[in-house]
Amino acid sequence: LIELLTGLTFVIITIKFYILEKNTALTMLYLFYNLILLFTLFYDWFYMEISDLILLPGIGIAIIASIFLKTPDFQNAIIGFIIPVGFFALQILISNGKWLGGGDLRIGAFMGLILGWQKVLVALVLSYLIGALTMATLLYFKKATLKAAIPFGPFLVIATYISIFFGQNLIDWYIALVMLM
């Protein structure tokens, strides 16, 4: 499964950034981000922890990329960093660490830096929706109880992928929907 997803995501990233957008630097950057995201997804899923050895260098590269490649630009990346970090830190404080862990905080930091503030908002909403649907399904089929602990990192990663590829479309759709009201 890991090898299949790695190959599939490499192909999709190459099509989007190299073939369609004709941007070699962006392709290489997102292939690097892809490795971090896939590792984080599976490591958290199997071990319920986040590896700082992988995520912290990724955060550093994302900061550098926002300065030099402007993907997103530095200001957008920093605001994107602050939103999930602040949101998750508040949840950790309120719940005394029962709802989320520090690893989720670092995933949020990485997400914000690579997505920027608008797309990270999309990713946050999607991650909670995906997590809720997953948990509802597990409860329905009696594969989990309300007290079950499930890792949140995979939902954050999946939402990040959706935001990378469809984030702007979802933002545009939402704005058009709001304008109709």
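Since the structure is predicted, the reported quantities are computational estimates derived from the model, not experimental observations. (Residues numbered from 1 in each chain as written. Predicted model: local features only at pLDDT ≥ 70, side-chain atom pairs only at ≥ 80, totals over all residues. Heavy atoms only, no water.)

1. Things to note about the overall build of the chain
Counting secondary structure elements, the chain contains six helices and zero strands. Walking the chain from its N terminus toward its C terminus, one meets helices and strands in the order α-α-α-α-α-α. Relative to the 2.2 N^0.38 estimate, which gives 16 Å for 181 residues, the radius of gyration of the chain is 16 Å and therefore close to what a compact globule would have. With the principal axes as the frame, the chain shows a C-alpha extent of 50 × 45 × 30 Å. (Helix = DSSP H or I, 4+ residues; strand = E, 2+ residues; numbered from the N terminus. Rg over C-alpha atoms; globule rule 2.2 N^0.38 Å.)

2. Overview of the packing of aromatic side chains
The final tally for this structure, using the stated rule, is 13 aromatic pairs. A ring pair is formed by Phe32 and Tyr33, whose centres lie 6.3 Å apart and whose planes are at 50°; its orientation type is tilted. Residue Tyr33 is classed as buried on the basis of its relative accessible area, which comes to 1%. Geometrically, the ring pair formed by Phe42 and Phe46 is stacked, given 6.2 Å between the ring centres and 20° between the ring planes. Of the two residues, Phe42 and Phe46 are both situated in helix H2 (residues 24-47); the distance of four residues between them amounts to about one turn of the helix. Looking at Phe46, the relative accessible area reads 54%, which means it is exposed. An aromatic cluster of at least three residues, connected via ring pairs, comprises Phe17, Tyr30, Phe32, Tyr33 and Phe110. (Phe/Tyr/Trp six-rings, centres within 6.5 Å; stacked < 30°, edge-to-face > 60°. Buried < 20%, exposed > 50% of the residue type's maximum accessible area, 1.4 Å probe, protein only.)

3. Side note on the nonpolar core
Core analysis: the biggest nonpolar cluster contains 42 residues, and Tyr33, Phe110, Met111, Ile114 and Ile164 have the highest contact counts within it. Of all elements in the fold, only helix H1 (2-20), H2, helix H3 (52-68), helix H4 (74-95), helix H5 (102-140) and helix H6 (153-180) reach the threshold of two or more residues within this core. For this core, the element with the most residues is H5, which contributes twelve residues. (Core = buried A, V, L, I, M, F, W, Y, C linked by side-chain atoms within 4.5 Å.)

4. Quick word on the layout of surface pockets
The space that makes up the largest pocket amounts to roughly 570 Å³. For the lining of the largest pocket, the per-class residue count stands at 14 nonpolar, six polar and four charged. (1 Å grid on protein atoms, 1.4 Å probe; cavity = no way out; pocket = protein on both sides within 12 Å on 5 of 7 lines; lining within 4 Å. Points joined across faces, edges and corners; volume = space filled by probe spheres on them. Nonpolar A, V, L, I, M, F, W, Y, C, P; charged D, E, K, R; others polar.)

5. As for H5
For an α-helix, 3.6 residues make a turn, and residues three or four places apart therefore share a direction. For H5, which comprises 39 residues, the first-to-last C-alpha distance of 29 Å sits more than 12% below the rise-based estimate of 57 Å (1.5 Å per residue). Most pronounced at Gly116, the bend in H5 amounts to some 125°. Two residues or fewer after H5 comes Lys142, characterised by a positive phi angle close to 55°. (Expected span 1.5 Å × (residues − 1). Bend = angle between axes of the 7 residues up to and from the residue.)

6. Observations regarding the packing of H2 against H3
Between H2 and H3, the least distance of the axes is 10 Å, while the angle of their chain directions is 155°. Taken together, the axis directions place H2 and H3 in an arrangement best described as roughly antiparallel. As H2 packs across H3, the resulting crossing turns out to be left-handed. When H2 is examined against H3, the residues Leu29, Phe32, Tyr33, Ile36, Phe39 and Thr40 are found in contact with a partner set consisting of Ile54, Leu55, Gly58, Ile61, Ala62 and Ala65. Of the residues assigned to the contact of H2 with H3, the class counts are ten nonpolar, two polar and no charged. (Axes fitted to C-alpha atoms, helices over the stretch in contact; angles between N-to-C directions. Parallel < 35°, antiparallel > 145°, perpendicular 65-115°, else oblique. Left-handed = near helix turned anticlockwise from the far one by under 90°. Contact = heavy atoms within 4.5 Å.)

7. What about the environment of Ala144?
For Ala144, the position within the fold is in the loop between H5 and H6. Ignoring anything within four residues of it in the chain, the contact list for Ala144 reads Met135, Leu138 and Leu139.

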